[in-house]
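Per-entry structural report
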Amino acid sequence: MAAFQMDRDWLVFHPSPSKPTFRAPPGAVDAHCHVFGPGDVFPYAPERKYTPCDAPKEKLWELRDYLGFERNVIVQATCHGADNRALVDALKASNNRARGVATVKQDVTDAELQALDAAGVRGVRFNFVKRLVDTTPREVLHSIAERIKPLGWHIVIYFEAAELHELYDFFTSLPTTVVVDHMGRPDVTKPVDGPEFELFVRLMRENANFWSKVSCPERLSKTGPDAYDDVVPFARRIVETFPDRVLWGTDWPHPNMKSHMPDDGKLVDFIPRIARTAELQRKLLVDNPMTLYWSR
Ligand SMILES: O=C(O)/C=C(\CC(=O)C(=O)O)C(=O)O
């Protein structure tokens, strides 16, 4: 019997995604995905808010190849807490084709940070989504930021759009490159030029150290599955306004999706709708992630 029982309402990743029509440029990077477990090798964290299905590295490599991508950036998910063993295992097995974003606690040692760096970690994630994590005091986050800065790492932040007002000054005080997950999770029923999304655009415009992932239409859309038309204007605006500071990822294996499980092939076919020229596509999928993750 498996060591962990996935949540009753857990949706397992798509068993047979469609082949995308869009062909990603050579060297394309899926810059936001996760590995989960397997739980009997890499146990899920006691403090986790959900128990997923196992989503091991071998499945991720299979998907990468099937979708026509060459590299992955694996982001530590909250179900593994600050235990980065599954992430490190995947990075080491990737043949230099994966980089990582870890979660660390304040008591992480310099030797542990060095080991993560050697494995291919290039950033830490600060998660502010209340259903996923308990709050970490800002002074703790600041001290982690100062510790990782000398390594040349960046900080990935994950939050809900409604929280941005409150978090804005803290975010802009961070001393490294900062990457925002999923465009700050806009409410796409609101106007793309309304006050809520304008605040996010302002964050990007006034702070050249901020980058955005234009990922997760399946999470943001109210009209999905598959077409995700309502997300297009938001992602397109960010890609066209900040072409050198955007990243794209599948978000496989799509943790906590409740409405439906996306077809990863359809997610790839979303790319040319938000990045409409070959140049924008190359920046989004190759140049930008290579700069951030593979410069050494
Ligand atoms: O995969 C994502 O980006 C989104 C998640 C999960 C997550 O971030 C985590 O568990 O750390 C979500 O919205 O539930």
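Residues numbered from 1 in each chain as written. Predicted model: local features only at pLDDT ≥ 70, side-chain atom pairs only at ≥ 80, totals over all residues. Heavy atoms only, no water.

Before going further, it helps to spend a moment on the overall build of the chain. Along the chain, the regular secondary structure elements total 10 helices and eight strands. When the backbone C-alpha atoms are referred to their principal axes, the chain occupies close to 45 × 45 × 35 Å. For the chain, the residues scored as buried account for 57% of the 296 residues in total. The contacts of the chain with a sequence gap of at least 6 include a subset with a gap of at least 24, amounting to 78%. Split by element, the accessible area of the chain, about 12400 Å² in all, is 51% carbon and sulfur. When the 38 positive and 41 negative side-chain charges of the chain are each reduced to one mean point, those points stand 2 Å apart. (Helix = DSSP H or I, 4+ residues; strand = E, 2+ residues; numbered from the N terminus. Buried < 20%, exposed > 50% of the residue type's maximum accessible area, 1.4 Å probe, protein only. Contact = heavy atoms within 4.5 Å. Areas by Shrake-Rupley, 256 points an atom, 1.4 Å probe, with all protein chains shown as cover. Lys, Arg positive; Asp, Glu negative; His and termini not counted. Charge placed at Lys NZ, Arg CZ, Asp CG, Glu CD.)

In the neighbourhood of the ligand, 16 residues make up the surrounding shell, with His-34, Tyr-50, Thr-78, Tyr-158 and Asp-251 lying closest. At 2.7 Å, a side-chain N or O of Thr-78 approaches an oxygen atom of the ligand. At 2.8 Å, a side-chain N or O of His-182 approaches an oxygen atom of the ligand. In the complex, 100% of the free accessible area of the ligand, which totals 350 Å², lies under the protein chains. Of the residues contributing to the shell around the ligand, the split by class is five nonpolar, six polar and five charged. (Near = heavy atom within 4 Å. Polar contact = N/O pair within 3.5 Å; in protein donor to acceptor, adjacent residues only side chain to side chain. Nonpolar A, V, L, I, M, F, W, Y, C, P; charged D, E, K, R; others polar.)

Burial in helix H4 (residues 138-148) covers these residues: Val-140, Leu-141, Ile-144, Ala-145 and Ile-148. Seen along its axis, H4 keeps its buried residues to an arc of 140°; they face one direction. The inward-facing, buried residues of H4 abut helix H3 (110-119), strand E4 (121-127), strand E5 (154-158) and helix H5 (164-172). (Arc of directions from axis to C-beta.)

Right, let's talk about the sheet that holds strand E2 (residues 71-75) for a bit. Pairing within the open sheet is parallel, and its eight strands lie in the order E1-E2-E3-E4-E5-E6-E7-E8. Of all the strands in the sheet, just strand E1 (29-33) and strand E8 (246-247) have a single pairing partner and so form its edges. Of the strand pairs in this sheet, strand E7 (residues 210-213) and E8 are connected by two bridges, and their pairing is parallel. Paired with Ser-212 across the strands is Val-246, a residue of E8. Running over the sheet, helix H1 (residues 57-67) touches E1, E2 and strand E3 (98-102) and is turned about 140° from E2. (Pairing = 2+ DSSP bridges. Axes fitted to C-alpha atoms, helices over the stretch in contact; angles between N-to-C directions.)

This next bit is on the pattern of salt bridges. This model, assessed by the stated rule, comprises 24 salt bridges. Its salt-bridge partner being Lys-258, residue Asp-9 comes within 3.6 Å of it at the nearest N-O pair. Placement of the pair is Asp-9 in the segment before E1 and Lys-258 in the loop between E8 and helix H9 (264-274), with a sequence separation of 249 residues. (Salt bridge = Lys/Arg side-chain N within 4 Å of Asp/Glu carboxyl O.)

Bringing the nonpolar core into the picture now. Counting residues in hydrophobic clusters, the biggest one holds 90 residues, and the most contacted among them are Ile-74, Ile-157, Phe-171, Met-183, Val-214, Trp-248 and Leu-285. No other element matches the six residues that helix H6 (residues 195-206) contributes to this core. Among all residues touching Ile-74, those that are not within four sequence positions of it are Cys-33, His-34, Val-35, Leu-60, Trp-61, Leu-87, Ala-90, Leu-91, Ala-98, Arg-99, Gly-100 and Val-101. By size, the runner-up hydrophobic cluster in this structure holds 12 residues, among which are Val-29, Val-101, Val-179 and Trp-211. (Core = buried A, V, L, I, M, F, W, Y, C linked by side-chain atoms within 4.5 Å.)

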